[in-house]
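Coordinates in review
Single-letter residue listing:
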Amino acid sequence: MPKESKHLPNPSTEAPQLDKQQKIFRTHDEPLELSFYAHYNSYTMPQWGADPSSKWIQDTFNIHIKAISSDGNAKQKLQKMITSKQLPDVVWGDRDFDLQRMREEGLFVPLDEYIEKYPNLKKWAGEKVLDLLRAPDGKIYYFPNYYTSKPYGNAGYVVNKKIYRLLGSPPLETTDDLYSYLKKVKERYPDVVPFETGQAKDGHGIDQLFSAFKEENYSFTRLYAVPKGNRMTSIYQDPAFRESAIYVARLMREGLMPAEAMIQTEDQVSEKLTEGKVAVYASANPMIHVMPADAEQRKLNPEDGYIFIDPIYKKGLDRSKIYPGTYNILGWNVAAITTDAKKPEAIFAMLDWMTGPEGSAVQMWGPPGPDGYWNGFGPDGETPLFTSKYSSDRAGLAKIQSISGDMIWVGNTVYLDQTKSNYEQSLPEEERNWATYWQQKVTWKSQGDATPFINVQPVLNNEEGQIMRVIQEIWLDAREEALFGQSDEEVLAILDEAHRASMEAGFEKYLDYITRRWHDNLKVLNDE
């Protein structure tokens, strides 16, 4: 075992304090078996029990989770399960119309009784988050993931240190700087991807570039609309979006972005990063792939690896108001327990434990123990006692987090962020965790608060929802076509035609609806 750091408690004198948490979590020794479905085309749940974190949970609490795959077509898979009346125990996905429809059809279990009975969600989320989660019937059906009261998020731009150094470390601040740099990369390193987007079909990379052209831009691509005054208006007519679409298409035409940006897999992106074949990478969450890639590159040369840079912005704008990503106090997505679940309370107890200190620590830093990265809690029962391995084995910790990160379904942002930030600040800079360092230095400061714009889209079984179904298809087609536009004029023509088709489909009525919902959120947030 590595020599103890002066910054760390001695694990031999600190016994893991888990008994109290375990008693709250499980009151019986029966096995808990449940099925889990993630409502995403590209998500694949890691095998439960194969990584150290889920293995510890499985062995300690006798929990066994079976993944149900979307098979690359989430909507079809979900509809098939609903029609056949064979629902999974847990559905995990965006707070969008698919989950709203299931809630309206009575397919989810209300959680209010459990929230009062178990301690963690109520304590850490708080009343404001719980109020925003309430359905029109006044009940809560969703367990939020990465809810928070403070800014958080990993969206932004990552740069390959070696390539940047060898090209003379030129200014990399404005969109003009970025374009010039990418041209140099292509000329000097033809086997390197100048600008990696990740999965552009989900907006990765290209949404970050959209943020560069407008101050206080809250990634409104998911709504197909942007605010103008007190009203939501068509994104196709937004000058900043049009300018970003031209910019992105130019990168694609000139071979500065991967031609397969719309169809590549996460594994392919990860492989390129690990091999150092990417110069600049922008995504909604670069950490998940770059953290292990950085560790691999540093093994070859301690001076190499990846760094975050402050957000790219159009010259003349205020960089402090550029947000390559957003956060909201409800967080990312939600878990819902279906009415088919035989043990709904036990499942909620599991989720509540996962979002509390012990569950969060196990998932983020692996199993407790003197040979692990943490060994029990301090006197407050919440602060993990990190071992010297936390800072001495960065690669090992990155490996754990690269897997368990895909199984944090009810993440507690404030607990995780505050815990690791407080500890990391006690360490010398060279011993700090790569991801935490850059979160503190760059990403948390450059995420915009998009809470007013959550849950504004309609469900599909009303008129506005039917309109949205049509305009969503128009959006998906138009964005891909614009990405491959052969001239600036062609790009703008594609956007103009998408606007026309959307208006013909009833876009104005949809815009009226999301405008009202936006103002409803403002009333809740302002305690009106």
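The sections below set out a description of the structure shown in this document. Here the structure is a predicted model, which means the values were calculated and not measured. Chains are numbered independently. Their residues run from 1 in the order of the written sequence. Since the coordinates come from a predicted model, pLDDT governs what is reported: local features require at least 70, and pairs of side-chain atoms require 80 or more to be given and counted, while whole-chain, interface and lining totals use all residues. To get the side-chain values, take all heavy atoms of the structure and skip hydrogens and water.

Regarding the layout of surface pockets
Within this model, the second largest pocket holds a volume of roughly 440 Å³. Definitions used throughout: a 1 Å grid over protein atoms alone; a cavity as a set of points that fits a 1.4 Å probe which cannot get out; a pocket as an open set with protein on both sides within 12 Å along at least five of seven lines; a lining residue as one with an atom within 4 Å of a point. Along the walls of the second largest pocket sit 19 residues, with Leu132, Arg134, Pro136, Asn455 and Arg517 positioned nearest its centre. Among the secondary structure elements, those contributing two or more residues to the lining of the second largest pocket are helix H4 (97–104), helix H6 (120–133) and helix H21 (507–525). For the lining of the second largest pocket, the leading source of residues is H21, giving five residues. Of the residues assigned to the lining of the second largest pocket, the class counts are eight nonpolar, four polar and seven charged. Grid points are joined across faces, edges and corners, and a volume is the space filled by probe spheres set on the points. The helix count covers DSSP runs of H or I at least four residues long, the strand count covers runs of E at least two residues long, and both are numbered beginning at the N terminus. We call Asp, Glu, Lys and Arg charged. Ala, Val, Leu, Ile, Met, Phe, Trp, Tyr, Cys and Pro are nonpolar, and the rest, Gly among them, are polar.

Focus on H21
Here the expected span of a helix is defined as 1.5 Å times the quantity of residues minus one. Spanning 19 residues, H21 covers 27 Å between terminal C-alpha atoms, matching the ideal 27 Å at 1.5 Å per step. Looking only at H21, the buried set comprises Phe507, Tyr510, Leu511, Tyr513, Ile514, Thr515, Trp518 and Asn521. We call two residues in contact when some of their heavy atoms are within 4.5 Å. Turning to H21, the residues buried within the fold contact H6, strand E7 (225–228), strand E8 (231–234), helix H19 (463–483) and helix H20 (488–504). Asp527 sits one or two positions beyond H21 and adopts a positive phi of about 55 degrees. Residue burial is assigned from relative accessible area. The probe radius is 1.4 Å, only protein chains are included, and a residue is buried under 20% of its type maximum, exposed over 50%, and partly exposed in between.

Details of a negative patch on the surface
A patch consists of residues whose relative accessible area exceeds 30% and which take part in no salt bridge; residues with like charges are grouped when within 9 Å of each other, and nonpolar side chains (Val, Leu, Ile, Met, Phe, Trp, Tyr) when within 5 Å. Surface exposure here means Shrake-Rupley accessible area, sampled with a 1.4 Å probe, where a residue is shielded only by the protein chains that are shown. In what follows, salt bridge is the name for a side-chain nitrogen of Lys or Arg lying within 4 Å of a carboxyl oxygen of Asp or Glu. In this tally, Asp and Glu contribute negative charge and Lys and Arg positive charge; neither His nor the terminal groups of the chain are included. Throughout, a charge is located at the NZ atom of Lys, the CZ atom of Arg, the CG atom of Asp or the CD atom of Glu. A contiguous patch of negative charge, built from Asp202, Glu266, Asp267, Glu271 and Glu275, is present on the exposed surface. The topology assignment puts Glu271 in helix H11 (residues 266–274). Look at Glu271 and you get partly exposed, because its relative accessible area is 47%.

Examining the sheet that holds strand E5 (residues 156–160)
Spatial strand order, E6-E9-E5-E10: four strands in an open sheet with mixed pairing. The sheet is open, and its two edges are formed by strand E6 (193–196) and strand E10 (306–309), each paired on a single side. On average, each strand axis in the sheet is inclined to that of its neighbour by 20 degrees, with strand direction left out of account. A strand pair is defined by DSSP finding two or more bridges across the two strands. By the bridge criterion, four bridges tie E5 to strand E9 (residues 278–283) in an arrangement that is antiparallel. Residue pairing for E9: Gly156 is matched across the bridge by Ser283. Angular values range over 0 to 180 degrees, each being the angle between N-to-C directions of two axes fitted as lines to C-alpha atoms, with helices fitted over their stretch in contact.

Looking at the environment of Ala505
Looking at the element boundaries, Ala505 is found in the loop between H20 and H21. Residue class for Ala505 comes out partly exposed when judged on its relative accessible area of 25%. Taking C-alpha positions, Ala505 is 6.9 Å from Val470, a pair spaced 35 residues apart along the chain. Leave out the neighbours within four places in its chain, and Ala505 touches Ile467, Val470 and Ile471.

Remarks on the side chain of His499
The topology assignment puts His499 in helix H20. Those residues in contact with His499, other than ones at most four positions away along the chain, are Ser234, Tyr236 and Gln237.

Brief notes about the side chain of His39
Mapped onto the fold, His39 is located in the loop between strand E1 (32–38) and helix H2 (52–61). Residues in contact with His39, not counting those within four places in the same chain, are Ala74, Lys75, Leu78, Trp92, Gly93, Asp98 and Leu99.

The analysis is restricted to geometry; functional conclusions fall outside its scope.
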